[in-house]
Amino acid sequence: MTRPYRIQLDIKPDKPIDLPFIYLGEDGTLDALPGYAWDGASGPTWDTLSSMIGSLVHDIGYQLIRLGRIAPKYKEYFDQLLRNLCVEDGMYSWRAGYWKWAVLKFGAGSTRPSAEPKEERAP
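Residues numbered from 1 in each chain as written. Predicted model: local features only at pLDDT ≥ 70, side-chain atom pairs only at ≥ 80, totals over all residues. Heavy atoms only, no water.

A. Inspection of a nonpolar patch on the surface at higher detail. A surface patch of nonpolar side chains, about 380 Å² in accessible area, is lined by Tyr-98, Trp-101 and Phe-106. By the element assignment, Phe-106 lies in helix H3 (residues 93-106). Note on Phe-106: relative accessible area 57%, which makes it exposed. (Patch = residues over 30% accessible without salt bridge, like charges linked within 9 Å, V, L, I, M, F, W, Y side chains within 5 Å. Areas by Shrake-Rupley, 256 points an atom, 1.4 Å probe, with all protein chains shown as cover. Salt bridge = Lys/Arg side-chain N within 4 Å of Asp/Glu carboxyl O. Helix = DSSP H or I, 4+ residues; strand = E, 2+ residues; numbered from the N terminus. Buried < 20%, exposed > 50% of the residue type's maximum accessible area, 1.4 Å probe, protein only.)

B. Spatial organisation of the environment of Leu-56. For Leu-56, the location among the structural elements is in helix H1 (residues 49-66). In the structure, Leu-56 is positioned 20 residues away from Tyr-36 in sequence and 9.5 Å away in space, judged by C-alpha atoms. Among residues more than four places away in sequence, those in contact with Leu-56 are Met-1, Tyr-5, Ala-32, Tyr-36 and Trp-38. (Contact = heavy atoms within 4.5 Å.)

C. A look at the layout of surface pockets. The computed volume of the largest pocket comes to approximately 810 Å³. Counting only elements with at least two residues in the lining of the largest pocket, the list comes to H1 and H3. Considering every element that reaches the lining of the largest pocket, the biggest residue donor is H3, with eight residues. Residue composition of the lining of the largest pocket, grouped by class: 17 nonpolar, eight polar and five charged. (1 Å grid on protein atoms, 1.4 Å probe; cavity = no way out; pocket = protein on both sides within 12 Å on 5 of 7 lines; lining within 4 Å. Points joined across faces, edges and corners; volume = space filled by probe spheres on them. Nonpolar A, V, L, I, M, F, W, Y, C, P; charged D, E, K, R; others polar.)

D. Broad picture of the pairing of strand E4 (residues 29-32). Side-chain alternation along E4 places Thr-29 and Asp-31 on one buried face and Leu-30 and Ala-32 on a second face that is also buried. In terms of strand pairing, strand E3 (residues 22-24) meets E4 through three bridges, oriented antiparallel. What sits directly across from Ile-22, in E4, is Ala-32. Between the end of E3 and the start of E4, which pair antiparallel, lie four residues, with Gly-28 showing a positive phi angle near 90°. (Pairing = 2+ DSSP bridges.)

E. Quick look at the pattern of salt bridges. Applying the stated rule across the entire model yields three salt bridges. Across the salt bridge formed by Arg-66 and Glu-116, the nearest N and O atoms sit 2.6 Å from each other. Taken together, the positions of Arg-66 in helix H1 and Glu-116 in the segment after H3 put the pair 50 residues apart, joining distant regions of the chain. Measuring nitrogen to oxygen at the nearest pair gives 2.5 Å for the salt bridge that ties Asp-79 to Lys-75. Linking Asp-79 with Lys-75, this pair stays in helix H2 (residues 75-88), spanning four residues, or about one helical turn. Look at Asp-79 and you get buried, because its relative accessible area is 0%. In this structure Lys-75 comes out as buried when scored by relative accessible area, which is 11%.

F. Up close: the side chain of Thr-111. Mapped onto the secondary structure, Thr-111 falls in the segment after H3. Relative accessible area serves as the criterion here: at 12%, Thr-111 is assigned to the buried category. The contact partners of Thr-111, leaving out residues within four places of it in the chain, are Tyr-62, Ile-65, Arg-66 and Lys-75.

The quantities given are spatial measurements derived from coordinates; they are silent on function.
So, in structure tokens, the structure goes:
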């Protein structure tokens, strides 16, 4: 990311979650900060303008779950939010519904700690 993005979530942690490039305040304000890296939507699909914000917030949510910063019960919240944000940004509701179905059915593995990408360095 080159610009910050802010969204209000219904998740309110007991104390702020302050990670490099991600901040989730006690009031539910999520900030994605410049330098955060994500690869757009995963799976057999194509990235469009209508999927960028949804996939960003969804990936951050899954990362917070993987890192143990929020409870796994929030997976379905982020799956629904993915759908809602994509529709708000102009995605056809049938396509967004298919995406929601796909992450509900196949996304659990991406919330496990073992799915957190490892930092790699060139020799």
